[in-house]
Amino acid sequence: MEKEIKTIGVLTSGGDAPGMNAAIRAVVRKAIANGVSVKGIKKGYQGLLNEEIVDMEKRDVSDIIQRGGTILGTARCMEFKTEEGQQKGAEICRKHGIDGIVVIGGDGSYRGAQALSKHGINTIGIPGTIDLDIACTDYTIGFDTAINTAMDAIDKVRDTSSSHERCSIIEVMGRNAGYIALWCGVANGAEDILLPEKYNFNEQDIINNIINNRKRGKTHHIIINAEGIGHSTSMARRIEAATGIETRATILGYMQRGGNPTCKDRFYASLMGAYAADIICQGKTNRVVAQKNGDITDYDIDEALSMTKSIPEYQYQVSRELSK
């Protein structure tokens, strides 16, 4: 039987992502509209174990939808990966009268939610990560803002690269997933796009491409390198030595996680947050909210974590053909 839910908690875990505040806002306001009390848990699972728990009302989430980051803060928590830590977290939830928790984060955050569910605390996950690497959903909160931030930065690097007739290697985030690199590579018209899922680590192919493009009159060469490949600075030194063309590396880094979320990230984060509040208030547990084919839906966490995701082959083929 689905248990009665009187009070829920909400936390953000793992890496921050633009749009998390919109999701928090939606969870709080939709739950209250459903007659359920809400507590905010600061600093993720670490904050749960430290009992950094505050009551939240509608006014507490006013004027946050446009802000990047997360008002609740976030942290990684090694203790919560242990059985003892998970049991302690569930006991703290019961101590504070929390019947269920909405967790906003990525795969690692889902594993924590899965563990809490096994200890009797209803849990719902919302995909909050700029990496777009959660297999059960077509969209993750923060991805759209991150790619637009990166795209704008790459345009600027292209300007100076063209002025100096350089080769530029621009490293974007994404952990072991190449979605940010793929999207920016196509959107910025890069000459080479290096994806962890596809890269063969043959730098000679890149070197040949640079030399051939220079012979055809191209005055610059943009390489988008995914974080999962990395080593952009040493790669730049090797390419310059092999081609004789000045080559510079730019690592965009954490700027991709910050900034005001785009309309798309605010909109879908709001829908996902509201949906999560609805289903947890109904007594559902061990579920992950997802966007599939434009619709908001949910999956069992166990099923979601067992899914795999890869770069769509057609998108990869197009990226290769358009870069030539």
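Predicted model, so just to flag it, every value in this text is computed and none were measured.

(A) How the structure looks around the nonpolar core. Judged by nonpolar contacts, the single largest core of 59 residues is most densely connected at Ile8, Val102 and Ile126. Looking at this core, the element that brings in the most residues is helix 9 (residues 263-281), giving 8 residues. If we skip the residues at most four places from it in the chain, isoleucine 126 touches Val27, Val102, Val103, Ile104, Gly105, Tyr110, Ile141, Met272, Gly273, Ala276 and Val289. If you look at the next biggest cluster of nonpolar residues, it comprises 26 residues, including Leu48, Leu49, Cys93 and Leu305.

(B) Region of interest: the sheet that holds strand 9 (residues 247-251). Pairing is parallel across the open sheet formed by 4 strands, whose spatial order is 7-8-6-9. Across the chains shown, the open sheet's two edge strands, defined by having one partner strand only, are strand 7 (192-194) and strand 9. Taken over all neighbouring pairs, the strand axes of this sheet differ in orientation by 15° on average, direction set aside. In the sheet, strand 6 (residues 167-172) pairs with strand 9 via 5 bridges, with the strands oriented parallel. Looking across to strand 9, one finds that cysteine 167 is bridged to threonine 247. Each of strand 6, strand 7 and strand 8 (221-226) is contacted by helix 6 (residues 179-187), which is oriented at about 170° to strand 7, the strand it contacts most. Packed on one face of the sheet, helix 8 (residues 232-243) meets strand 6, strand 7, strand 8 and strand 9 and runs near 170° to strand 9.

(C) Just helix 9, in detail. Taking 1.5 Å of rise per residue, 19 residues should cover 27 Å, and helix 9 covers 27 Å from first to last C-alpha, within 8% of that figure. Just beyond helix 9, the residue with positive phi is glycine 283, at close to 95°.

Conventions used here
Residues numbered from 1 in each chain as written. Predicted model: local features only at pLDDT ≥ 70, side-chain atom pairs only at ≥ 80, totals over all residues. Heavy atoms only, no water. Core = buried A, V, L, I, M, F, W, Y, C linked by side-chain atoms within 4.5 Å. Buried < 20%, exposed > 50% of the residue type's maximum accessible area, 1.4 Å probe, protein only. Helix = DSSP H or I, 4+ residues; strand = E, 2+ residues; numbered from the N terminus. Contact = heavy atoms within 4.5 Å. Pairing = 2+ DSSP bridges. Axes fitted to C-alpha atoms, helices over the stretch in contact; angles between N-to-C directions. Expected span 1.5 Å × (residues − 1).

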